[in-house]
Amino acid sequence: MALKEQTQEVCLVCGRHKTEGIHIFNQLICNSCQKKIVETDVTDWKYKYYMDKLAKLRIGKYKKGLETAVVHAGTGGEAEKQ
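Just so we're clear, the structure is a prediction, and the values are computed from it rather than from any experiment. (Residues numbered from 1 in each chain as written. Predicted model: local features only at pLDDT ≥ 70, side-chain atom pairs only at ≥ 80, totals over all residues. Heavy atoms only, no water.)

Digging into the overall build of the protein chain
Scanning the protein chain for helices and strands turns up 2 helices and 7 strands. For the protein chain, the N- to C-terminal ordering of α and β elements is β-β-β-β-α-α-β-β-β. Across the 82 residues that make up the protein chain, the buried fraction comes to 21%. For the protein chain, long-range pairs separated by at least 24 residues make up 15% of all intrachain contacts whose partners lie at least 6 apart in sequence. As presented, the protein chain carries roughly 6,500 Å² of accessible surface, and 52% of it is formed by carbon and sulfur atoms. (Helix = DSSP H or I, 4+ residues; strand = E, 2+ residues; numbered from the N terminus. Buried < 20%, exposed > 50% of the residue type's maximum accessible area, 1.4 Å probe, protein only. Contact = heavy atoms within 4.5 Å. Areas by Shrake-Rupley, 256 points an atom, 1.4 Å probe, with all protein chains shown as cover.)

Here's what the structure looks like:
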């Protein structure tokens, strides 16, 4: 059985090209960054860094009238128009 060729994607957190990690709404967080996020204590200065990166997640689109909006994780549910 042939191995499936994995395509590289850019990690949302570190910006490096990686082949493995988790996908949240089709956006990659590499295994290394995932581990760092999970292990970082909320009192560590790096915690805010990771939360700022995760706030850039594009979590979906919805239509309101004739406008289409993209909801970002860091907006508290408020939509930013694009």
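Focus on the environment of Met51
Inspection of the secondary structure puts Met51 in helix 2 (residues 45–54). Owing to a relative accessible area of 30%, Met51 belongs among the partly exposed residues under this scheme. Between the C-alpha atom of Met51 and that of Ile37, which follows or precedes it by 14 residues, the distance is 8.7 Å.

Notes on the pattern of salt bridges
A full pass over the atoms with the stated rule returns 2 salt bridges. Put simply, Glu39 and Lys35 hold a salt bridge, and the shortest N to O gap is 4.0 Å. On the criterion of helical spacing, the pair formed by Glu39 and Lys35 is a turn pair, its members being 4 residues apart in helix 1 (residues 31–39). The class for Lys35 is exposed, based on a relative accessible area of 52%. Between Asp52 and Lys48 there is a salt bridge; the shortest N-O distance is 3.1 Å. (Salt bridge = Lys/Arg side-chain N within 4 Å of Asp/Glu carboxyl O.)

A short note on the nonpolar core
It is characteristic of soluble globular proteins that their nonpolar side chains tend to be buried jointly. Of all hydrophobic cores here, the largest spans 8 residues; its members are Cys11, Val13, Ile29, Cys30, Cys33, Ile37, Tyr50 and Leu54. Elements with a contribution of two residues or more to this core: strand 4 (27–30), helix 1 and helix 2. Beyond its immediate stretch of four places on either side in the chain, Tyr50 contacts Val13, Lys36, Ile37 and Thr40. (Core = buried A, V, L, I, M, F, W, Y, C linked by side-chain atoms within 4.5 Å.)

Quick word on the packing of aromatic side chains
One pass over the full model with this rule turns up 1 aromatic pair. Considering the side-chain rings of Tyr49 and Tyr50, the 5.4 Å spacing of their centres and the 65 degrees angle between planes classify their relative orientation as edge-to-face. Residue Tyr49 is classed as partly exposed on the basis of its relative accessible area of 38%. Among the residues examined, Tyr50 registers a relative accessible area of 8% and is labelled buried. (Phe/Tyr/Trp six-rings, centres within 6.5 Å; stacked < 30°, edge-to-face > 60°.)

Some thoughts on the state of the cysteines
One pass over the structure, following the stated rule, counts 0 disulfides. Cysteine Cys11 is unpaired, with the sulfur of Cys14 as its nearest cysteine sulfur at 3.7 Å. (Disulfide = S-S within 2.5 Å.)

It is worth stressing that arrangement in space is one thing and function is another; only the former is reported here.
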